[in-house]
Amino acid sequence: MSMKAPRGTQDILPGISEKWQYIENKLQELSYNYHYQEIRTPIFEHTELFQRGVGDTTDIVQKEMYTFTDKGDRSITLRPEGTASVVRSFVEHKLFGSPNQPTKLFYFGPMFRYERPQQGRMRQFFQYGVEALGSDDPAIDAEVISLAMNAYRVFGLQSLKLVINSLGDKESRENHRQALIDHFTPVKKELCSDCQSRLEQNPLRILDCKKDRDHPKMKTAPSILDYLNEESTAYFAKVKEYLDEMGITYQVDPNLVRGLDYYNHTAFEIMSDAKGFGAITTLSGGGRYNGLVQDLGGPETPGIGFALSMERLLMALEAEGIELPLDQGLDCYIVALGEEAKLKAAAITDQLRLAGVQADRDYQDKKFKAQFKAADRLKAKYVLVLGDDELANQQIAVKNMKTGDQETIDMEQLTQHMKEIL
RNA sequence: GCGAUCGUGGUGAAGUGGUUAACACAUCGGAUUGUGGUUCCGACAUGCGUGGGUUCGAUCCCCAUCGAUCGCCCCA
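Residues numbered from 1 in each chain as written. Chains lettered and ligands numbered in written order. Predicted model: local features only at pLDDT ≥ 70, side-chain atom pairs only at ≥ 80, totals over all residues. Heavy atoms only, no water.

Draft legend 1. Summary view of the nonpolar core. Within the largest apolar cluster, 44 residues are counted, with the highest numbers of intra-cluster contacts made by Ile23, Tyr36, Phe306 and Leu313. At the level of secondary structure, the elements contributing two or more residues to this core comprise helix H1 (17-33), strand E6 (124-133), helix H5 (138-153), strand E7 (160-166), helix H10 (230-246), strand E9 (264-272), strand E11 (303-309) and helix H12 (310-319). Sort the elements by how many residues they give to this core and H5 lands first, with nine residues. With near-sequence residues (within four places) excluded, Phe306 lies in contact with Tyr107, Tyr128, Gly129, Val130, Val144, Leu147, Ala148, Phe268, Ser284, Gly285 and Gly286. Counting residues in each nonpolar core, the second largest holds 42 residues, with Ile60, Val91, Leu191 and Val257 among its members. (Core = buried A, V, L, I, M, F, W, Y, C linked by side-chain atoms within 4.5 Å. Buried < 20%, exposed > 50% of the residue type's maximum accessible area, 1.4 Å probe, protein only. Helix = DSSP H or I, 4+ residues; strand = E, 2+ residues; numbered from the N terminus. Contact = heavy atoms within 4.5 Å.)

Draft legend 2. The pattern of salt bridges, seen in detail. Scanning all chains against the criterion turns up twelve salt bridges. Among the ionic pairs, Glu143 bridges to Lys104, the shortest N-O distance being 2.9 Å. Of this pair, Glu143 sits in helix H5 while Lys104 sits in strand E5 (residues 103-112), and the two are 39 residues apart along the sequence. Overlapping salt bridges, with partners in common, bring together Glu45, Arg88 and Glu92 in one network. (Salt bridge = Lys/Arg side-chain N within 4 Å of Asp/Glu carboxyl O.)

Draft legend 3. Fine view of the sheet that holds E5. Pairing is mixed in the open sheet, where eight strands are placed in the order E1-E5-E6-E11-E10-E9-E7-E8. The sheet terminates laterally at strand E1 (37-38) and strand E8 (251-252), the two strands that pair on one side only. As paired strands, strand E10 (residues 282-288) and E11 are joined by five bridges and run antiparallel to one another. Bridged to Ser284 within E11 is Leu308. Of the strands in this sheet, E1, E5 and E6 are in contact with H1, which crosses E5 at around 160°. The strands that H5 touches are E5, E6, E7, E9, E10 and E11; relative to E11, the one it contacts most, it runs at about 10°. (Pairing = 2+ DSSP bridges. Axes fitted to C-alpha atoms, helices over the stretch in contact; angles between N-to-C directions.)

Draft legend 4. Structural view of helix H4 (residues 83-92). H4 sits mainly inside the fold: nine of its ten residues count as buried. Listed as buried for H4 are Thr83, Ala84, Ser85, Val86, Val87, Arg88, Ser89, Phe90 and Val91. Tucked into the core, H4 has its buried residues touching strand E2 (44-46), helix H2 (47-53), E5, E6 and helix H11 (292-295). Count one or two residues on from H4 and you reach Lys94, which has phi positive near 50°.

Draft legend 5. View of a negative patch on the surface. A cluster of acidic side chains, namely Asp136, Asp137, Glu171, Glu230 and Glu231, defines a negative patch on the protein surface. Looking at where Asp136 falls in the secondary structure, it is placed in the loop between E6 and H5. (Patch = residues over 30% accessible without salt bridge, like charges linked within 9 Å, V, L, I, M, F, W, Y side chains within 5 Å. Areas by Shrake-Rupley, 256 points an atom, 1.4 Å probe, with all protein chains shown as cover. Lys, Arg positive; Asp, Glu negative; His and termini not counted. Charge placed at Lys NZ, Arg CZ, Asp CG, Glu CD.)

Draft legend 6. Broad picture of unusual backbone geometry. In this chain, Gln101 is followed by Pro102 through a cis amide linkage whose omega measures 0°. Backbone geometry places Lys94, a non-glycine residue, at a positive phi of 50°. Along the chain, Lys94 turns up in the loop between H4 and E5. Note on Lys94: relative accessible area 56%, which makes it exposed. Located in the positive-phi region is Asp365, a residue other than glycine, with phi close to 55°.

What follows is the structure, encoded as structure tokens:
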């Protein structure tokens with residue numbers, strides 16, 4: 001039996017977990033600034049939710065889902081993404097009935113996809129994402145994109161590239177789809193096997209195929225932007241206008257397609273430009289999904305959202321050499337000499353902790369000097385020394401480890417004193 | 001799912017088919033019975049991812065397996 005974590009999973013150990021907490025807190029704060037509220041949905045759902053929500057033709061559903069049958073003979077799937085669950089919950093709990101629309105939600109948690117792992121691609125990975133349901137104002141598209149960008153900017157990341165596109169409404173997509181089929185069918189045999197089946201299932205995705213990238217028909221392929229009807233064109237123009245006004249720079253890429261079936265109108269991706277960033281450059285992605293709520297049994301409700309990967313955010317920070325301003329170091333470490341002092345130290349430590357002071361002490365029966373070394377290693381701001389002398393006088397020595405200054409404090413004033421100097 | 005490279009102590013890492021698996025850092029102990037540094041001395045691998053095979057003998061050769069990294073695919 002292997003005692004290693006399963007392939008594609010990782011332990012987030014002390015030293016790293018602090019970074020995660022910092023990022024989570026910051027993203028939560030940012031979400032509230034945009035007035036999004038947290039939603040927590042189950043980590044597993046009925047398989048059918050993803051088949052219908054994410055789409056049967058997607059790679060996620062076709063080959064990447066963690067699906068199993070539970071003891072009640074239900075087909076269960078570990079969620080591969082967050083949107084389907086959020087929309088399901090929105091419908092199930094009739095959040096569309098709230099007078100406060102749009103419904104603006106954020107979530108955070110693990111997602112699962114059965115893939116070949118490499119750096120920045122795990123089988124269990126963590127996403128932060130938002131969904132805005134109930135508005136088809138282009139301003140909310142811009143808001144979500146702005147939030148997505150700021151989710152990196154708040155950490156000081158610079159090397160970001162925002163790519164946007166419009167997939168149009170249903171009519172535009174239909175027309176474009178037919179144009180793609182007409183365009184590629186004559187050369188069907190020259191395309192890769194994936195694209196041959198895409199031609200029938202989802203011709204749009206031929207456009208971002210890396211294998212057939214150099215095929216002559218690729219360059220002349222009908223662009224979605226030429227097939228947008230008046231309404232879709234106007235919508236996209238408005239989104240861009242909002243972005244311009246907000247000072248958010250972007251690049252329009254007509255080949256940006258996104259892997260999930262539910263997208264329409266606005267689609268976007270944020271990538272890292274940073275050198276030394278791995279082969280995987282996409283940091284986050286999102287888009288509009290106006291038909292999804294209805295597909296999952298709700299009333300006709302527009303929606304837009306995005307999700308980012310925590311792992312890749314961490315990679316981006318690393319690539320740009322950004323150090324997070326983490327609080328580190330213990331408030332105080334209690335050094336005790338002798339049995340009696342040890343006993344007293346336990347009580348003092350306990351008291352300090354209850355009063356809101358971080359405190360720790362030795363449990364390894366270390367020598368005096370070794371206890372000091374431990375305190376130093378733990379970056380303790382203060383060391384409290386308790387020996388025979390102090391014990392006799394009902395006092396304790398408080399040493400500032402940074403300045404080296406030391407003073408003697410009466411035992412009963414210690415907690416108060418520590419709270420003052422910290 | 002396909003292809004390639006790799007897997008030695010807490011960490012970084014050397015090494016060889018044959019008795020004691022370098023070195024460095026970290027850790028622990030001592031020099032220094034109550035103050036963090038430095039220096040010096042000493043200690044520290046259930047044995048080289050796991051399982052099997054070849055061999056008189058394998059950490060080093062072969063096979064399988066697990067895992068990591070990179071590329072493809074795709075994405076977050």
